[in-house]
Amino acid sequence: FFGSYNIAWLIMFSACVGTWIRVSVWVYQPYFEMSGYSIAEIGLIFMLFNITAAFGSKYLTECSDSKTTWIFIVTAIGFGYLCMGLLCAPAFAWAFPLIHQTVRGILSVCFSDMLKDEVSEHDFATIGSIQSCAGTLLYAALLPLFGSELAAKGIESTLLNLSLIGLIACLAVLKLKAKPV
């Protein structure tokens, strides 16, 4: 199963997008504080995040292996970060991170759906574990970079860079989808 280009691509793409979403958890709290939310309101917003991700997973029962699906995922996350970096009005600051949470919910469905088409039931859990490991390693490598930028340059700069760097990385991996080796 390691010889399949589609599996390798799926692992890379899922690791990039998953890392991009996981890094966001560390910028939400300073973002919401900058927006003027209290700690209790932030707690309610995080509860809403989990509900949103759960609904995304539950109601998206199947994901197509189309370029449109993958471009939507990348664009939605990038748009969420970009809006967070540019717009920080308390009235709607909570809405932009919901985009990330929707993608967080549908990403696992898309990954599982595509993986079912590529591997046998016997190899499914192994590939899922490899994807999880790849995503965690990428996250561990990138989190200190964004954390130090957050400390040095502030939340707006970090959000804009997350938008740009994540978009470039995911679009580069998406471009690889069109070029099997």
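Quick summary incoming for the structure in this document. (Residues numbered from 1 in each chain as written. Predicted model: local features only at pLDDT ≥ 70, side-chain atom pairs only at ≥ 80, totals over all residues. Heavy atoms only, no water.)

### Here we look at the overall build of the chain
Spelled out, the test is: Working definition: helices are DSSP H or I runs of at least four residues, strands are E runs of at least two. Numbering for both runs from the N terminus. With the radius of gyration taken over C-alpha atoms, the globule rule is written as 2.2 Å times the number of residues to the power 0.38. Burial classes: relative accessible area under 20% of the type maximum marks a residue as buried, over 50% as exposed, and values in between as partly exposed (1.4 Å probe, protein chains only).
Helix and strand content of the chain: six helices and zero strands. Seen in sequence order, the chain has helices and strands lined up from the N terminus as α-α-α-α-α-α. Relative to the globule expectation of 16 Å for 181 residues, the C-alpha radius of gyration of the chain, 17 Å, shows essentially globular dimensions. Considered along the principal axes of its C-alpha atoms, the chain spans approximately 50 × 35 × 25 Å. Counting every position in the chain, which comprises 181 residues, the buried fraction comes to 40%.

### Observations regarding the packing of aromatic side chains
Any aromatic ring pair is given by two values, namely how distant the centres are and how the planes are angled relative to each other. In plain terms, the rule: In this scheme Phe, Tyr and Trp rings, the latter by its six-membered ring, pair at centre separations within 6.5 Å, and the angle between planes marks the pair as stacked below 30 degrees, edge-to-face above 60, and tilted otherwise.
According to the stated counting rule, one finds nine aromatic pairs in the structure shown. A centroid spacing of 6.0 Å and a plane angle of 70° characterise the contact between Tyr28 and Phe46, whose relative ring orientation is edge-to-face. Taken as a pair, Tyr28 in helix α1 (residues 5–35) and Phe46 in helix α2 (residues 39–59) lie far apart in primary sequence, 18 residues in all. Relative to Phe32, the ring of Tyr31 lies with its centre 5.3 Å away and its plane at 55°, an arrangement referred to as tilted.

### Observations concerning the environment of Phe55
With respect to the helices, strands and loops of the structure, Phe55 is situated in helix α2. As for Phe55 and Thr102, which are separated by 47 residues in sequence, their C-alpha atoms are 7.9 Å apart.

### A short note on the nonpolar core
This is how it is decided: For the purposes of this section, nonpolar cores are sets of buried Ala, Val, Leu, Ile, Met, Phe, Trp, Tyr and Cys residues that join through side-chain atoms within 4.5 Å. Contacts are assigned to residue pairs that have any heavy atoms within 4.5 Å of one another.
Phe13, Val17, Trp70 and Ile73 are the most contacted members of the largest nonpolar core, which totals 46 residues. Counting residues per element, the ones that place at least two in this core are α1, α2, α3 (67–86), α4 (95–118), α5 (121–153) and α6 (155–177). For this core, the element with the highest residue contribution is α1, accounting for 14 residues. Residue contacts for Ile73: discarding those within four places in its chain leaves Val17, Val103, Ile106, Leu107 and Cys110.

### Considering α6
Condition: Expected helix span is computed as 1.5 Å times (number of residues minus one).
With 23 residues, α6 extends 33 Å between its outermost C-alpha atoms, agreeing within 8% with the 33 Å of an ideal straight helix rising 1.5 Å per residue. Every buried residue of α6 is listed here: Ile155, Thr158, Leu159, Leu162, Ser163, Gly166, Cys170, Val173 and Leu174. Elements that come into contact with the buried residues of α6 comprise α1, α3 and α5.

### Overview of a nonpolar patch on the surface
Put simply, the rule reads: Nonpolar side chains (Val, Leu, Ile, Met, Phe, Trp, Tyr) within 5 Å and like charges within 9 Å form the patches, drawn only from residues with over 30% relative accessible area and no salt bridge. All accessible-area figures derive from a Shrake-Rupley calculation using a 1.4 Å probe, and residue coverage is judged against the displayed protein chains alone. Salt bridges are defined as contacts in which a side-chain nitrogen from Lys or Arg sits within 4 Å of a carboxyl oxygen from Asp or Glu.
A contiguous nonpolar patch, built from Leu44, Met47, Ile51, Phe55 and Tyr59 and spanning about 540 Å² of accessible area, is present on the exposed surface. Judged by its relative accessible area of 36%, Ile51 falls in the partly exposed class.

### Points about the packing of α4 against α5
When two helices pack together, their arrangement is captured by the angle between the axes and the distance separating the axes. Threshold: Throughout, an axis means a line fitted to C-alpha atoms (over the contacting stretch in the case of helices), and angles, computed between N-to-C directions, take values from 0 to 180 degrees. In these notes the angle categories are as follows: under 35 degrees is roughly parallel, over 145 is roughly antiparallel, 65 to 115 is roughly perpendicular, and the rest is oblique. Here a crossing is taken to be left-handed if its near helix is turned anticlockwise relative to the far helix by less than a right angle, and right-handed if that turn runs clockwise. In the scheme used here, Gly and all other residues not listed as nonpolar or charged are polar, with Ala, Val, Leu, Ile, Met, Phe, Trp, Tyr, Cys and Pro taken as nonpolar and Asp, Glu, Lys and Arg as charged.
Close contact between α4 and α5 brings their axes to 10 Å; oriented N to C, the two are set at 135°. The orientation of α4 relative to α5 falls into the category oblique. Between α4 and α5 the crossing geometry is right-handed. Side by side, α4 and α5 meet where Phe111, Ser112, Leu115 and Lys116 of the first sit next to Phe124, Ile127, Gly128 and Gln131 of the second. Each residue belonging to the contact of α4 with α5 can be placed in one class, and the counts come to four nonpolar, three polar and one charged.

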